[in-house]
Amino acid sequence: MARARLEVTLPEDVWVGEVTRSHPDATLSVLSVLPTERGGVALVALRGDDAPSVVRDIDAADGVDEVELQRAAEDVREAIIRVETTDARLLLPLLDSRLPVEYPVEVARGTAKLTVAGSRDRLSAFATALETMGMDYVVDYVHDAIDAEDLLTDGQRELLASAIRTGYYDTPRETTLTQLADQHGIAKSTASERLHRAEGKVIKRFADDALDVESDRSPLAPTND
C-alpha cells in the first residue's frame, strides 16, 4: 500500500473552488464527507477574516442545497458548517477508484490538498479519473507503507520497545542506558549505537511521512546489528 499527497486544482464552476478563489484569505477544512444519491454532505471548518461573508457565498453558490451553521467563534474568523451539495465532483474520482482519503482535506485559493492511501493501481485510477474530469493536479509525494519488520532489525526493534516500556524516553527518565544494556545482555556501547540507529530510522521515516521532509540517505535498509 502507498500514501500519496496531492494538490488538486478545482474547476472554476465547482462551488468550493469558486468561493475560496473569491476569498483568498479563507481556508476550508473538510472534516468528513457522506456521499448521498444527489451528491454529498460535508462537515467543514472555515477559517478566514470574514467567516460570515464566506458562509453567505457558500449558501448562494450553484450546487449547494443547504448550509447549516454548527458553531461560530465570537471573533467571526472561524465557523463549522454542514454543507449539503449536489456537486461532489472531487468525491467522484475517490468513489470510482475506491480510495480512502485522510481528513481533513484543506481547500484554499481553489486548490484542494488531500492525502489518499491504497494500491498503486488504485492511485493510478484516481489520477486518471481526475484527468478525465478535467482537474489538474500535482503529486507532492508517494510513499510506500513500510512495516516495522522491514524498517528495523530484530535487535533494534526489541531494544527500542524496551526503552519505551521502561520509561527511557520519559522526563525524568525512569531507566538508564546501562540498565537497558544489562536487560538485553549487551555492552552499554552496543546498546547506545543500536538505539541511536533505531531512533534515526524511526525519526527519518516520520519526517518523510508526516513532515514532508526527505532525508538524503534512505533509512529503509536494515543494518546488521
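Model, not experiment: these values are computed from the prediction.

Let's talk about the pattern of salt bridges
Step number 1: Evaluation of the coordinates by the stated rule reveals 11 salt bridges.
Step number 2: The closest approach of N and O atoms between Arg-38 and Asp-65, which form a salt bridge, is 2.5 Å. Note that Arg-38 is positioned in the loop between β2 (27-35) and β3 (40-47) and Asp-65 in strand β4 (residues 64-72), a separation of 27 residues in sequence.
Step number 3: Taking the relative accessible area as the measure of exposure, Arg-38 reaches 54% and is therefore exposed.
Step number 4: Linking Glu-106 and Arg-47 is a salt bridge whose minimum nitrogen-to-oxygen distance equals 3.6 Å. Here the residue Glu-106 occupies a position in strand β6 (residues 101-108), and Arg-47 occupies one in strand β3, the gap between them amounting to 59 residues.
Step number 5: Under the relative-accessibility criterion, Glu-106 is labelled partly exposed at 24%.
Step number 6: Each member of the salt-bridge network shares a partner with another, and the members are Asp-13, Asp-87 and Arg-89.

Structural notes on the confidence of the model for the protein chain
Step number 1: Summary statistics for the protein chain give a mean pLDDT of 86 and a share of 88% for residues scoring 70 or more.
Step number 2: Ignoring residues within four places in sequence, the model shows residues 217-223, a span with pLDDT below 50, making 18 contacts including any to other chains.

A closer look at the packing of aromatic side chains
Step number 1: Counted by the stated rule, this structure contains one aromatic pair.
Step number 2: Where Tyr-168 meets Tyr-169, the ring centres are 5.1 Å apart and the plane angle is 85 degrees; that geometry is what we call edge-to-face.
Step number 3: A relative accessible area of 9% places Tyr-168 in the buried class.
Step number 4: One cation-aromatic arrangement involves Arg-173 over Tyr-168; the distance from NZ or CZ to the ring centre is 3.9 Å.

A closer look at the pairing of β2
Step number 1: As paired strands, β2 and β3 are joined by eight bridges and run antiparallel to one another. Each residue of the ladder has a partner; that of Val-33, found in β3, is Ala-42.
Step number 2: Counting the residues in the hairpin turn of β2 and β3 gives four residues.
Step number 3: Where β2 lies against β6, three bridges are found, and the strand directions are antiparallel.

Observations regarding the side chain of Thr-20
Step number 1: Among the structural elements, Thr-20 can be located in helix α1 (residues 15-22).
Step number 2: Polar contacts involving the side chain of Thr-20 include one to the main-chain carbonyl oxygen of Gly-17, which spans 3.2 Å.
Step number 3: Not counting residues up to four positions away in its chain, the partners in contact with Thr-20 are Leu-28, Val-107, Ala-108, Arg-109 and Gly-110.

Observations concerning unusual backbone geometry
For residues besides glycine, phi is generally negative; the peptide bonds are generally trans as well.
Step number 1: Look at the link from Tyr-103 to Pro-104: it is a cis peptide, with omega at 5 degrees.
Step number 2: Residue Thr-171 is joined to Pro-172 through a cis peptide bond whose omega torsion reads -5 degrees.
Step number 3: Within the fold, Pro-172 resides in the loop between α6 (154-165) and α7 (177-184).
Step number 4: At Arg-98, a residue that is not glycine, the phi angle is positive and equals roughly 55 degrees.
Step number 5: Locating Arg-98 in the fold gives a position in the loop between α3 (91-97) and β6.
Step number 6: On the basis of relative accessibility, which here comes to 59%, the residue Arg-98 falls in the exposed class.
Step number 7: Positioned with a positive phi, Arg-109 is a non-glycine residue whose angle comes to about 50 degrees.
Step number 8: One can find Arg-109 in the loop between β6 and β7 (111-118).
Step number 9: Assessed through its relative accessible area of 54%, Arg-109 is described here as exposed.

Rules used throughout
- Residues numbered from 1 in each chain as written.
- Predicted model: local features only at pLDDT ≥ 70, side-chain atom pairs only at ≥ 80, totals over all residues.
- Heavy atoms only, no water.
- Salt bridge = Lys/Arg side-chain N within 4 Å of Asp/Glu carboxyl O.
- Helix = DSSP H or I, 4+ residues; strand = E, 2+ residues; numbered from the N terminus.
- Buried < 20%, exposed > 50% of the residue type's maximum accessible area, 1.4 Å probe, protein only.
- pLDDT = per-residue confidence, 0-100.
- Contact = heavy atoms within 4.5 Å.
- Phe/Tyr/Trp six-rings, centres within 6.5 Å; stacked < 30°, edge-to-face > 60°.
- Lys NZ or Arg CZ within 6 Å of the ring centre and 35° of its normal.
- Pairing = 2+ DSSP bridges.
- Polar contact = N/O pair within 3.5 Å; in protein donor to acceptor, adjacent residues only side chain to side chain.

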